[in-house]
Amino acid sequence: MVYGSKPTDGGHLLINAQEEKNALITAEPLAVNYIRPFLGADEFINGKQRWCIWFHGVSDTRRNHDLKQMPQVAERIAAVKVMRQASPKFATRKLADVAHLFGEIRQPASGYYLIIPSVSSENRHFVPIDYVSADVINSNANFSLPNATLYHFGLLCSTMHNAFMRTVAGRLKSDYRYSNTVVYNNFPFPQASEKARAAIEAAAQAVLDAREQYRAEARAENLPEPTLADFYRVGAGYTALDKAHVALDKAVDAAYGYKGGKDDASRVAFLFALYQNQGKHPAAGQSRL
């Protein structure tokens, strides 16, 4: 699990409104090839739209050729260069040489990956997590989990994992601050049998299917699709999704052999005991790979 990509651009590679995007494409149609959806935590959780200019993977020859036909995009890149050159940090000044690129790039090359927001409301029972296409650029306000299976998704969406998160995560004011090092890396995965893994994967798919069911219903009725914030608001009333999470928790608990209480304290006490014994059970740490 790693942070998403960090622009370090002074905002010049970002496009914050549909009107701004449309105006740029109207003026410079070639720009459509270099504009990608961009998700910070707010956009990811609340279904907002934002974009970025993305030249990663484009050859110097192609970029230089196309920028001659995109003076507005070239101006944005020039502004990034000026911003980076003025930085007091040597590493940022060095990035001025590649002003067309994000300062830090950790974007999966293909397929789908999981996004985990770095900050989530304390009022949610679950940190909102979802699969996103590699064509969508993840910002450093979120974490990425490339090559994540349904097994990973199921465990991270479980009450077991979220109870652990609520105990060990930091805080931003009163909201939970997820961490790849403190939360994910220290979370003791179960020594799950193939049967237990399959049960978690099936339950995880049911969670995704329930979300899609409600999104499809919204489209059919010409309504806005529910966002992750809508789905995971306490008392939101998405019954099929609630039932899917109950089934997922049952599958995850079974994989751990957990038969304790449903409260966070009981779950975390069990997980801490498992964590202390991980040296005796190396498969617990290896099962996430």
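Residues numbered from 1 in each chain as written. Predicted model: local features only at pLDDT ≥ 70, side-chain atom pairs only at ≥ 80, totals over all residues. Heavy atoms only, no water.

1. Side note on the sheet that holds strand 6 (residues 119–120)
Here is step 1 of the chain: Read from one edge to the other, the open sheet built from 3 strands follows the order 6-11-10, with strand pairing classed as antiparallel. The sheet is open, and its two borders are formed by strand 6 and strand 10 (170–172), each paired with just one other strand.
Here is step 2 of the chain: Across 2 bridges, strand 6 lies against strand 11 (residues 175–177) in antiparallel orientation. The partner of Val 119 across the bridge, within strand 11, is Arg 177. (Pairing = 2+ DSSP bridges. Helix = DSSP H or I, 4+ residues; strand = E, 2+ residues; numbered from the N terminus.)

2. Section: the packing of aromatic side chains
Note on aromatic pairs: each is described by the distance of the centres and the angle between the planes.
Here is step 1 of the chain: This model, assessed by the stated rule, comprises 17 aromatic pairs.
Here is step 2 of the chain: Between Trp 54 and Phe 102 the ring centres are 5.0 Å apart and the planes differ by 75°, which places this aromatic pair in the edge-to-face class. Here Trp 54 is found in the loop between strand 4 (51–53) and helix 3 (60–67), whereas its partner Phe 102 is found in the loop between helix 5 (90–94) and strand 5 (112–117), with 48 residues between them in sequence.
Here is step 3 of the chain: Residue class for Phe 102 comes out buried when judged on its relative accessible area of 4%.
Here is step 4 of the chain: For the ring pair Phe 164 and Phe 272, a centre distance of 6.2 Å and an interplane angle of 90° mean the geometry is edge-to-face. Pair noted here: Phe 164 is in helix 7 (residues 159–168) and Phe 272 is in helix 12 (residues 264–276), with a separation of 108 residues, a long-range link.
Here is step 5 of the chain: Here Phe 164 falls in the buried class, since its relative accessible area comes to 3%.
Here is step 6 of the chain: An aromatic cluster of at least three residues, connected via ring pairs, comprises Phe 164, Tyr 184, Phe 187, Phe 189, Tyr 256, Tyr 258, Phe 270 and Phe 272.
Here is step 7 of the chain: The ring centre of Tyr 151 lies 3.9 Å from the NZ or CZ of Arg 197, which sits over that ring. (Phe/Tyr/Trp six-rings, centres within 6.5 Å; stacked < 30°, edge-to-face > 60°. Buried < 20%, exposed > 50% of the residue type's maximum accessible area, 1.4 Å probe, protein only. Lys NZ or Arg CZ within 6 Å of the ring centre and 35° of its normal.)

3. Thoughts on the side chain of Ser 179
Here is step 1 of the chain: Inspection of the secondary structure puts Ser 179 in the loop between strand 11 and helix 8 (180–184).
Here is step 2 of the chain: On the basis of relative accessible area, Ser 179 is assigned to the buried category, the value being 13%.

4. So, the confidence of the model for the protein chain
Here is step 1 of the chain: Put simply, the protein chain has an average pLDDT of 93, and 96% of its residues get 70 or more.
Here is step 2 of the chain: Throughout residues 281–289 the model reports pLDDT below 50, and contacts reaching past four residues in sequence, or to other chains, amount to 15 contacts. (pLDDT = per-residue confidence, 0-100. Contact = heavy atoms within 4.5 Å.)

5. Considerations on the nonpolar core
Here is step 1 of the chain: Grouped together as the largest cluster of nonpolar side chains are 55 residues, with contacts concentrated most on Ile 116, Tyr 178 and Tyr 256.
Here is step 2 of the chain: At 8 residues, the largest contribution of residues to this core is made by helix 9 (residues 194–220).
Here is step 3 of the chain: Ignoring any residue separated from it by four or fewer positions in sequence, one finds Ile 116 in contact with Met 1, Val 127, Ile 129, Asn 142, Phe 143, Leu 145 and Tyr 178.
Here is step 4 of the chain: Within the second largest apolar cluster, 22 residues are counted, among which are Leu 24, Trp 54, Ile 77 and Ile 137. (Core = buried A, V, L, I, M, F, W, Y, C linked by side-chain atoms within 4.5 Å.)

6. What to know about the packing of helix 1 (residues 18–27) against helix 4 (residues 71–85)
Here is step 1 of the chain: Running from amino to carboxyl end, helix 1 crosses helix 4 at an angle of 120°, the nearest separation of the two axes being 9 Å. Between helix 1 and helix 4, the interaxial angle falls into the category oblique. Of helix 4, the residues touching helix 1 (which contributes Glu 20, Leu 24 and Ala 27) are Gln 72, Val 73 and Arg 76.
Here is step 2 of the chain: Residue classes in the contact of helix 1 with helix 4 are distributed as 3 nonpolar, 1 polar and 2 charged. (Axes fitted to C-alpha atoms, helices over the stretch in contact; angles between N-to-C directions. Parallel < 35°, antiparallel > 145°, perpendicular 65-115°, else oblique. Nonpolar A, V, L, I, M, F, W, Y, C, P; charged D, E, K, R; others polar.)

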